[in-house]
Amino acid sequence: MSSLSNVTQTLIRKTALNAVHRKLGAKMVDFNGWDMPVEYPAGLIAEHMAVRNGVGIFDVSHMGDIRISGREALAAVQHISMNDASKLAIGQCQYSAMLYSQGTFVDDVIIHRFGEDDFFFVINAGTREKDITWVRDNTRSFDCKVEHLSDDFTQIAIQGPRGVDVLQKLTDADLSKVKFYWFTRGTVCGLGNTLIARTGYTAEDGFEIYVPADEETSARVWHEVMEAGKEFKLLPCGLGARNTLRLEGKLALYGHEISDSITVWEAGLDRWCKMDKGEFIGRRSLERQKVDGVHRTLVGLEMIERGIGRDGYPVLNDQGRQIGYITSGSYAPYLKKNIGLAYVPSSYAAIDTVVNVEIRGQAVKAKVVPTPFYKRPKKTA
């Protein structure tokens, strides 16, 4: 038994900030093979609210990174992704996805355009190895270089309306000139040429910085951000708050709202799928599906009766027959409601449609509501 335990432990990966999280008293969990903080002593609700109202800091170093560069890099990126990367200016980011030939998801990604023929993909932690293999396999016919850079960086997310104030204290870059979903480079905590992206996964404004992945540098930067954020009551935040924040904003999670068995149209991500840009992997299947019509769709649910529809719980009609399932569900700390996302037949997708969620053998009423559940307030002049 002990030998099996030792083998298991060797399979769990740790970010360069692992010791920092433990010293801060974080509750650690195995997340897609990574030893990650799920919450800190302040608790999930406090962390969630800090990001909505002020600022929080996350270790997201488990995320993966792929760089595609070379003479035919743009053509390669266009071939393997559904958004139109040709529209990106240098310094701009876009949400996109890589698809299988049947129009389902390899992974969703954020693409950064470093140069005319230089692109940087941020990919999900749980799909790292699959993604890099798939990208390499599907770009072999292009004159480009594919680099797996996932272990080169510690990625730190500084999220919330006061995130810009915290980070500006630590960098010489003028963050007021960096729009949402754009990036720049500057000195951060004394580290020159640091990538600073105004992106995130919390439905808030915020930044993600990429620093060298050695423990000493990573810990120093983390502590300097924490110190700079004291006046704004910055809190360290774990995976629990990251999940509730992204759920309020209806941001997809691989293996839940998107997967290799869910199509772009079903997931409602057609806004980012540019069918008119030319051929890309999955396009032909998506064309056929558009003609045939979508038979299930992702909807937002708000519980009418007491209970939380957790991931995987069945969604039932009035006759008690299962018609769908919850992909993600939780108490929403900012909204103070029990919410969830679910796949249901298109005939049940109209706003205010009442369905039942099976919770511990009981049918609990919920209604279809508009999404995203939360939108961050627009800045006033």
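Here the structure is a predicted model, which means the values were calculated and not measured.

What counts, and where the lines are drawn
Residues numbered from 1 in each chain as written. Predicted model: local features only at pLDDT ≥ 70, side-chain atom pairs only at ≥ 80, totals over all residues. Heavy atoms only, no water. Helix = DSSP H or I, 4+ residues; strand = E, 2+ residues; numbered from the N terminus. Rg over C-alpha atoms; globule rule 2.2 N^0.38 Å. Buried < 20%, exposed > 50% of the residue type's maximum accessible area, 1.4 Å probe, protein only. Contact = heavy atoms within 4.5 Å. Areas by Shrake-Rupley, 256 points an atom, 1.4 Å probe, with all protein chains shown as cover. Lys, Arg positive; Asp, Glu negative; His and termini not counted. Charge placed at Lys NZ, Arg CZ, Asp CG, Glu CD. Pairing = 2+ DSSP bridges. Core = buried A, V, L, I, M, F, W, Y, C linked by side-chain atoms within 4.5 Å. Salt bridge = Lys/Arg side-chain N within 4 Å of Asp/Glu carboxyl O. 1 Å grid on protein atoms, 1.4 Å probe; cavity = no way out; pocket = protein on both sides within 12 Å on 5 of 7 lines; lining within 4 Å. Points joined across faces, edges and corners; volume = space filled by probe spheres on them. Nonpolar A, V, L, I, M, F, W, Y, C, P; charged D, E, K, R; others polar. Phe/Tyr/Trp six-rings, centres within 6.5 Å; stacked < 30°, edge-to-face > 60°. Expected span 1.5 Å × (residues − 1). pLDDT = per-residue confidence, 0-100.

Tallying secondary structure elements over the chain gives ten helices and 20 strands in all. In terms of overall dimensions, the chain is globule-like: its C-alpha atoms have a radius of gyration of 21 Å, near the 21 Å expected for 381 residues. In terms of its C-alpha atoms, the chain occupies a principal-axis envelope of roughly 65 × 60 × 50 Å. Every one of the 381 residues in the chain was classed for burial, and the buried ones make up 55%. Within the chain, counting contacts between residues at least 6 apart in sequence, those at least 24 apart form 65% of the total. Carbon and sulfur atoms provide 50% of the accessible area of the chain, an area that totals close to 17,100 Å². Computed over 47 positive and 47 negative side-chain charges, the inter-centroid distance for the chain is 4 Å.

Time to look at the sheet that holds strand S12 (residues 191-197). Spatial strand order, S11-S12-S13-S10-S4-S14: six strands in an open sheet with mixed pairing. Two strands bound the open sheet, and with one partner strand each, they are strand S11 (183-188) and strand S14 (235-236). In the sheet, strand S10 (residues 153-159) pairs with strand S13 (residues 206-212) via seven bridges, with the strands oriented antiparallel. By the bridge assignment, Phe153 is partnered in S13 with Pro212.

Core analysis: the biggest nonpolar cluster contains 44 residues, and Met82, Leu99, Phe105, Val264, Leu269, Cys273 and Leu286 have the highest contact counts within it. The element best represented in this core is strand S6 (residues 93-99), accounting for four residues. Residue contacts for Val264: discarding those within four places in its chain leaves Met82, Leu99, Gly103, Phe105, Leu269, Asp270, Cys273 and Leu286. Counting 30 residues, the second-largest nonpolar core is a separate cluster that includes Val211, Trp222, Met226 and Leu234.

Right, let's get into the pattern of salt bridges. A complete count under the given rule lists 22 salt bridges for this structure. Among the ionic pairs, Arg140 bridges to Asp137, the shortest N-O distance being 2.9 Å. Assessed through its relative accessible area of 44%, Asp137 is described here as partly exposed. With a closest N to O distance of 3.5 Å, Glu302 and Lys337 form a salt bridge. Taken together, the residues Glu302 in strand S15 (residues 296-303) and Lys337 in strand S18 (residues 337-345) connect sequence positions 35 residues apart.

This brings us to empty space enclosed by the protein. A probe matching the size of a water molecule, rolled over the atoms, marks out where space remains unfilled. Applying the stated rule across the entire model yields two cavities of 30 Å³ or more. Approximately 40 Å³ is the volume attributed to the largest cavity. Around the largest cavity sit Met36, Pro37, Phe58, Asp59, Val60, Cys237, Gly238, Leu239 and Arg242, which together line it. Only strand S3 (34-39), strand S4 (56-59) and helix H8 (239-248) provide two or more residues apiece to the lining of the largest cavity. The class makeup of the residues in the lining of the second largest cavity is four nonpolar, three polar and two charged.

Per the stated rule, a full pass over the model turns up nine aromatic pairs. Considering the side-chain rings of Phe114 and Phe183, the 5.5 Å spacing of their centres and the 65° angle between planes classify their relative orientation as edge-to-face. Taken together, the positions of Phe114 in strand S7 (residues 105-115) and Phe183 in strand S11 put the pair 69 residues apart, joining distant regions of the chain. Relative accessible area serves as the criterion here: at 16%, Phe114 is assigned to the buried category. The exposure class assigned to Phe183 is buried, which follows from its relative accessible area of 12%. Ring centres 6.0 Å apart and planes at 40° place the aromatic pair Tyr325 and Tyr343 in the tilted group.

This part is about helix H7 (residues 215-228). The end-to-end C-alpha distance of H7, which contains 14 residues, comes to 20 Å, matching closely the 20 Å that a straight helix rising 1.5 Å per residue would cover. Restricting attention to buried positions, one finds in H7 the residues Thr217, Ser218, Ala219, Val221, Trp222, Val225, Met226 and Ala228.

On to the confidence of the model for the chain. Residues of the chain with pLDDT of at least 70 account for 97%, and the chain-wide mean is 95. Counted against residues more than four places away or in other chains, residues 1-10, with its pLDDT under 50, gives zero contacts.

Here we take up the sheet that holds S3. The strands making up a sheet are joined through hydrogen bonds of the backbone, oriented either antiparallel or parallel. Taken together, the three strands give an open sheet; going across it, the order is S1-S3-S2, and neighbouring strands pair in mixed fashion. A strand with exactly one partner marks an edge of an open sheet, and here the two such strands are strand S1 (13-14) and strand S2 (27-31). As judged from the two bridges shared by S1 and S3, these two strands associate in the parallel manner. Following the sheet pairing, Arg13 is matched in S3 by Trp34.

When you line up the elements, Val357 lands in strand S19 (residues 354-359). Given the relative accessible area of 0%, Val357 is considered buried. Put simply, Val357 and Glu116 are 241 residues apart on the chain and 49 Å apart in space, counted from C-alpha to C-alpha. Those residues in contact with Val357, other than ones at most four positions away along the chain, are Leu301, Met303, Gly309, Tyr313, Pro314, Ile326, Gln362, Ala363, Val364 and Ala366.

What follows covers the pairing of S19. Looking at chain direction, strand S16 (residues 314-316) and S19 are connected through two bridges and run antiparallel. Bridged to Val315 within S19 is Val357. As paired elements, S19 and strand S20 (residues 362-369) share six bridges and run antiparallel to each other. Each residue of the ladder has a partner; that of Glu358, found in S20, is Ala363. Linking two consecutive strands that pair antiparallel, namely S19 and S20, is a turn of two residues; a positive phi of about 50° is found at Arg360 within it.

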